[in-house]
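# Residue-level structure breakdown
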Amino acid sequence: MAKKREVDISVDFAGRRLANPVFTASGTCGYGDELADFMDVNRLGGFITKSITLQPRKGNPAPRIVETDAGMLNAIGLANVGLERFVAEKLPVIARMSVPVFVNVAGERIDDYVAVVERLASEKAIAGFELNISCPNVAKGGISFGRDPEQVKEITSAVRKAAGDRILSVKLAPAVTDISVIARAAVEAGANALSLINTFTAMVIDIETRRPVLANRTGGLSGPAVKPIAVYLVNKVYNEVAKKAGIPILGLGGIRTASDAIEFLIAGASAVAVGTASFIQPDSAVRIIDGIEAYCVRHNVARLADLVGSLA
Amino acid sequence: MVNNKSKGVFTATVTSNRRIRECFWTIDLEFTGAGAAAFAEFQPGQFVQVDVSHLGLPAEDLIAPDLRDASRRNILLRRPFSFADVTAGPDRTTAELLYCVLGPASVRLTTLSRGDSLSFLGPLGNGFSVPPGKRLALLVVGGMGAPPIRCLAKLLKAEYPGTNVIAFIGAKTAQALPFEGQFEEMPERVDSFVPALARLGIPSAVATDDGSAGYRGFVTERLAQWLDEQRNWSAEGTVIYACGPEPMLAATAKLAAQRNIDCQVSMERRMACGIGVCQSCAVECRVEGSNETVYKLCCQDGPVFDSRTVVFDPPIQVVEEVGLARAIKEGLASPTVDEARILEALEHGEEERS
C-alpha cells in the first residue's frame, strides 16, 4: 500500500505529527476497523470514533435519515454502546490501529463528559478527544452546550483537566450568531484544536401526510449542500481566532473529493474530516489523501503546511 | 442466517434493461473478476447498494406525469436493492435487478442500456436461512417484496428438492404485481399462475386488495385460509419466508406466532451506508427473556430477521381497532411506541405508511 511520497503531506496537529491531513468524521466510520473491508484504515491521518456517552444509548426510532438535494439529514440520537462496552470491546481494536485515534465524547451533563474522558485519558491507544457539544438530535445536552459561550467555557475547562496531556478538540455548531465567539470561548478554556462544522438542524416534510419524514422531526443536514458554508466558517474562525492562537482547525462539512478538502486547507484548516461521502464510497478518505498529494505535486507545494490558510 | 465476508465495491455491466409490465422494470447484469467471485456467494435475501448518482433523467415525456415533479431531485446516496436472481458461472456471475419506477433514483435506472456500467456495494447483510427438517416452505410476497423471494425460490428448488414450496403473493391491484404475466381476473386457487415461479415448479396463490386478481383481501388472510384447509399439516415441518410492506410482515409474523410456525421476515429501512456505520436503519427488536427492546441494524443484523424478535411498527388501523394498550400487550405495537405520534396520526385520519 505504501507509496513513494514526492511531497510532504504530513501535518502538525496540536503537537502531533500526522502522516496526512485526512480524518474520518465522527459517526460515519464506526468505532475502529468497521471500514477495513474497503480501505486500509491505517493510511488515514487520524480516526475519530462515533460519539461515546457514559451510559449506552439506544438512539432514536426510524426513520433516522432522509436524503435531500445534495445532502442528507440524520437523527441517529447518539446511539452507542456506552463507555463500559467501548472500553471492553472497541478499545482493543483501536489499540491495534497505528493511526492516531480520537474519541468523540457526548453527554447530557458536564459530569458525563468528564467521566468518559477521565476513564480514557490514560489509554495509550487514544491520541485525543473531540468534544461533541453540537449534536442537534438529542433532547438534553448536545447542541444546547454549544450555543452559549459561558457553557462552552465551563465544559471545555472541565474536560481539559480530565484529558491530561491528550489533544482536546471542540466540535462547533454552525448555526450560531457568531461562531468566533464560541471558538474563542473554547480556546480560552483550553481547547487545543477546533472541529468545524457539525451539522445544521433541518427538516424534510412528507407533503402527502404533512408530517416530518424523520421520527425525530428534525435532523442534522450534512453532505455537499453544507460545504460552502463550512468553508466560510472555517476561514472566519481561522482569521478571527485560530491563527492568532496557533490552534489547528479540523475542517469538515460536505467533503467528497480532494478538491473539496483542498478548499478547506486553503481556508485555514490544518486537517480535514470526511463524513457523508464515506456512506457512498467507503474508501473516500484514502482517495482524498491520494488526490491531495497529486494536487501538491501539480502545484509545487513542497509542504502541505504551506497550503494551510493560503487564501489570497 | 447467512453472511459472507467478501463484500466490496464492484462494477457490473448492464446486458439488458427492459420494462416487464406497468411500472416494473428489470436489469440484467454481469459481474466479472473479483465481482463475479463475490456475487457467486450471494445469498437470497442479501442486498446491494447501487450508485445512481451519475445517471441523468430520461426525457420528460418518458417520465410518468405523476413522477415528473419528484424525479427532479438529485441523488446523493446509494439505493438498496435485493437481487431477484443470481447465477454464478466459471468466470462471470449474472444477476437480475427487478425495480419499480417510483421516484428520482428508479426513474434514472430506466436510462441504462446494454454496455453501461453500474457500481454495486455488496453483497450486504444476512440472507434467508433454511432450517433443517422443513418439508414445507411458504413464500409470502407483498408487492415489491418479490425479488428476494424469487431468488430464494430458485435456491429452494435447486438445493432442497424434498421441500414443498408454495407462494402467496399480494398486491393492491393486479397491475401492482411485480411479475411478468397476465393476472387480471385470475382465480383464487393455488395453481401455476405466476410464470417466474411456475417455471421452477412452484404453485402460487394471488391476493389483491381490490379483487382484480385472485383472492380479494390481504395475502395473509389468503395464507390463513389455506392453512385452515390443510390436513396432515405440521407446523414444526413448515417455515414461512416473507418480504413486503411492514404491515404485511407484522400480520405474517402474528399468524406465524399464533400457529407456531418458524418465520423469517426481510425488513426494509431508509439507510445511507448499508455497511453498519451510519446507524440509520434501526429495527426495534425484543431482548430474549426481558421486556426491553434494542435497535438492531437492518443492514448488518438483517435485513432478514426471525419474525419473533421484531417489534413492528403498529399499523394505524390496528391501533384504531384494538386500542394502543391492547396493541402493545398483543405485541402489535412496541411498548416504546410514541403514543402522542400515533394519536395525532389517528386524529388526522391517516393511513400508516407502507
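What comes next is a walk through the structure. Just so you know, these numbers come straight off a predicted model, no measurement behind them. (Residues numbered from 1 in each chain as written. Chains lettered and ligands numbered in written order. Predicted model: local features only at pLDDT ≥ 70, side-chain atom pairs only at ≥ 80, totals over all residues. Heavy atoms only, no water.)

Counting residues in hydrophobic clusters, the biggest one holds 162 residues, and the most contacted among them are A:Leu120, A:Phe129, A:Leu194, A:Leu196 and A:Ile292. Broken down by element, this core gets its largest block of residues, eight residues, from helix α6 (residues 227-245) of chain A. Of the residues that make up this core, three or more belong to each of domain 1 (8-124) and domain 2 (136-266) of chain B. If we ignore the near neighbours within four places in the chain, the residues touching A:Leu194 are A:Ser169, A:Val170, A:Leu172, A:Ala183, A:Ala186, A:Val187, A:Val237, A:Ile247, A:Pro248, A:Ile249 and A:Leu250. Among the nonpolar cores identified, the runner-up in size contains 32 residues, and B:Phe10, B:Leu67, B:Phe81 and B:Leu109 belong to it. (Core = buried A, V, L, I, M, F, W, Y, C linked by side-chain atoms within 4.5 Å. Buried < 20%, exposed > 50% of the residue type's maximum accessible area, 1.4 Å probe, protein only. Helix = DSSP H or I, 4+ residues; strand = E, 2+ residues; numbered from the N terminus. Domains from an automatic or database assignment. Contact = heavy atoms within 4.5 Å.)

Let us look at the sheet that holds strand β9 (residues 167-171) of chain A. All names here are of chain A. Spatially, eight strands are ordered β3-β4-β7-β8-β9-β10-β15-β16 in a closed barrel, and the strand pairing comes out parallel. Averaged over neighbouring strand pairs, the angle between their axes works out to 25° when direction is ignored. Here three bridges tie β9 to strand β10 (residues 193-196), and the two strands are oriented parallel to one another. From the neighbouring strand, Ser169 faces β10, where its bridge partner is Ala193. (Pairing = 2+ DSSP bridges. Axes fitted to C-alpha atoms, helices over the stretch in contact; angles between N-to-C directions.)

As a further point, take the sheet that holds strand β7 (residues 117-124) of chain B. Residue and element names in this part refer to chain B. Taken in spatial order, the seven strands line up as β4-β3-β7-β1-β2-β6-β5 in an open sheet, and their pairing is antiparallel. Only two strands of the sheet have a single neighbouring strand rather than two, namely β4 (79-81) and β5 (85-88). Direction aside, neighbouring strands of the sheet carry axes that sit 35° apart on average. The sheet contacts of helix α1 (residues 33-40) involve β1 (8-21), β2 (24-32), β3 (47-51), β5, β6 (92-100) and β7, and relative to β2 the element is tilted by about 115°.

So, on to empty space enclosed by the protein. Over the atoms a probe the size of a water molecule is rolled, and this reveals where empty space is left. All names here are of chain A. Under the counting rule described, the total for this entry stands at three cavities of 30 Å³ or more. The space that makes up the largest cavity amounts to roughly 560 Å³. Along the wall of the largest cavity there are 35 residues; nearest its centre are Ser26, Thr28, Asn74, Asn198 and Thr199. Elements with a minimum of two residues in the lining of the largest cavity: β6 (71-74), β14 (219-222) and α8 (277-280). Counted by class, the lining of the largest cavity contains 15 nonpolar, 18 polar and two charged residues. Looking at the second largest cavity, its volume works out to about 40 Å³. (1 Å grid on protein atoms, 1.4 Å probe; cavity = no way out; pocket = protein on both sides within 12 Å on 5 of 7 lines; lining within 4 Å. Points joined across faces, edges and corners; volume = space filled by probe spheres on them. Nonpolar A, V, L, I, M, F, W, Y, C, P; charged D, E, K, R; others polar.)

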